[in-house]
2 protein chains.
Amino acid sequence: MRSLVFRQLFDTAGSSTYTYLLADRPGGDAVLVDPVVEQVDRDLKLVEDLGLKLKYVVNTHCHADHVTGSGLIKRKLPGVRSVIAKDSGAKADVHVAHGDRVEFGDAFLEVRATPGHTEGCLSYVCDNMVFTGDALLVRGCGRTDFQGGSAETLYDSVHAQIFTLPDDTVVYPAHDYKGHRSSTVGEEKRLNPRLSKSKAEFVEIMGNLGLPYPKKIDEALPLNLVCGIQEE
Amino acid sequence: MRSLVFRQLFDTAGSSTYTYLLADRPGGDAVLVDPVVEQVDRDLKLVEDLGLKLKYVVNTHCHADHVTGSGLIKRKLPGVRSVIAKDSGAKADVHVAHGDRVEFGDAFLEVRATPGHTEGCLSYVCDNMVFTGDALLVRGCGRTDFQGGSAETLYDSVHAQIFTLPDDTVVYPAHDYKGHRSSTVGEEKRLNPRLSKSKAEFVEIMGNLGLPYPKKIDEALPLNLVCGIQEE
Ligand SMILES: [Fe+2]
Ligand SMILES: [Fe+2]
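Treat the numbers as computed from the prediction; the structure is a model and nothing was measured. (Residues numbered from 1 in each chain as written. Chains lettered and ligands numbered in written order. Predicted model: local features only at pLDDT ≥ 70, side-chain atom pairs only at ≥ 80, totals over all residues. Heavy atoms only, no water.)

**Here we look at the pairing of strand β1 (residues 5-10) of chain B**
Looking down a regular strand, the side chains alternate between one sheet face and the other.
All names here are of chain B.
Logical step 1: In terms of burial, β1 is largely enclosed, as five of its six residues are buried.
Logical step 2: Taken together, the six bridges between β1 and strand β2 (residues 18-23) define a ladder with antiparallel strand orientation. Bridge pairing in β2 places Gln8 opposite Tyr20. (Buried < 20%, exposed > 50% of the residue type's maximum accessible area, 1.4 Å probe, protein only. Helix = DSSP H or I, 4+ residues; strand = E, 2+ residues; numbered from the N terminus. Pairing = 2+ DSSP bridges.)

See the structure below:
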């Protein structure tokens, strides 16, 4: 996949979400991973600028901190199909599960089930990159105290599905709050302050985070369960 | 330069500045381009995490919107040397000019003079990347109405020094305010709403921006002229 088109985009409106645009080649078929509703116009402008054909909007999980752009994109670009894990409980055009492929042109995302932050969390592997959603963040990970979260499950997911990738695989998370853009599997295995620990220590850490109730969850979750804003 | 280490970092503290970390290889010699004083601890932690030897802190120009991290980094890591254009009028350990190379291990930055936003603006070319400072932004460019700025000069700089690079050269700017991370030379030649125009149109556009006086200029400029915070 030497001619892969790849762009990372950041939600400057407050959620610090990363959205990823991939295409199999310049002018080719594209997917958007984790679009944010406030940034849909920016994202579709970039798709148009690059002359890409958007096939799928792909979600790593049912987000609690922002509203997915999936529904709005489908309204603006009929024919685009939304993708999410079957286990997320959310509506979408395509439900995927571990081992599936999301194909775009000559390229594809390999679906890996990485539950623990939520029950339906997926990571997507493409070439030397892995899009980890909130399962693995740069020197961190998503919380495990709501939406069917489980620290034990998350630990097993990351160790079995992400840390088994080659060390130089580039980790692209769903969020970052300190201005980091990416990491690598090798780096996180060695330096992640939570996931480099033993499972027992990890469970202890995650049980003592004392995080506040997510600000946007009551607005975002019901919308994300139907893949965002729907037809009026 | 197949084993080049490369990281893009974003200033989440308000200036929306991109800082770039490059090393010739894992564990090798490194440079930091445009560090921001508020993010020095984060940046040096990453240098340490990756086991790199920081040689130079390199500035694209004398910034007016944030304080460079150069001075603070030199205080924390004695031996690191600051780099800026001779034409910037700013103090630094190393003054560079068009055609020079900033060498780190087996890799180097090629210095290109791209004045117009300020008199001493440089772009740095490394491998298939160009770090353009404020000379060329994603679908934009830096203002030309202070610090010796000149719209005519900026237009000539970008067209002669950046738009002559191969179309697939990745453009890494000093700032972005909409969540874009990068662009390419080909894209900006075609899509930049200012620099894809004729020189006369460009000068007209830049003369009518009506921008406010930069918020941090009175604090930042005097400090940046001595490469940031100095010894007490
Ligand atoms: Fe999440
Ligand atoms: Fe500037």
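**Re unusual backbone geometry**
Logical step 1: Positive phi, normally seen in glycine, also occurs at Arg139(A), with a value near 60 degrees.
Logical step 2: Positive phi, close to 65 degrees, is recorded for Cys227(B), a residue that is not glycine.
Logical step 3: By secondary structure assignment, the location of Cys227(B) is in the segment after α6 (217-224).
Logical step 4: For Cys227(B), a relative accessible area of 3% gives the class buried.

**Considering the environment of Leu109(B)**
Residue and element names in this part refer to chain B.
Logical step 1: Residue position: Leu109 is located in strand β8 (residues 107-113).
Logical step 2: Judged by its relative accessible area of 0%, Leu109 is buried.
Logical step 3: Sequence spacing of Leu109 and Met129 is 20 residues, and the spatial spacing of their C-alpha atoms is 9.8 Å.
Logical step 4: Leu109 has contacts with Leu22, Val31, Val33, Val58, Asp100, Arg101, Val102, Phe104, Tyr124, Val125 and Cys126, leaving out every residue within four places of it along the chain. (Contact = heavy atoms within 4.5 Å.)

**A short note on the coordination of the iron ion (ligand 1)**
Residue and element names in this part refer to chain A.
Logical step 1: On the protein side, the iron ion (ligand 1) has His61 (NE2), His117 (NE2) and Asp134 (OD) as donor atoms, found 2.1 to 2.3 Å from it.
Logical step 2: The sequence pattern describing where the donors of the iron ion (ligand 1) fall on their chain is H-x55-H-x16-D. Separated by 73 residues along the polypeptide, His61 in the loop between β4 (53-58) and α2 (70-76) and Asp134 in the loop between β10 (129-133) and α3 (151-162) bring together distant segments of the chain. Like Asp134, His61 is buried. (Donors = N, O, S within 2.8 Å, 3.2 Å for Na, K, Ca; no water.)

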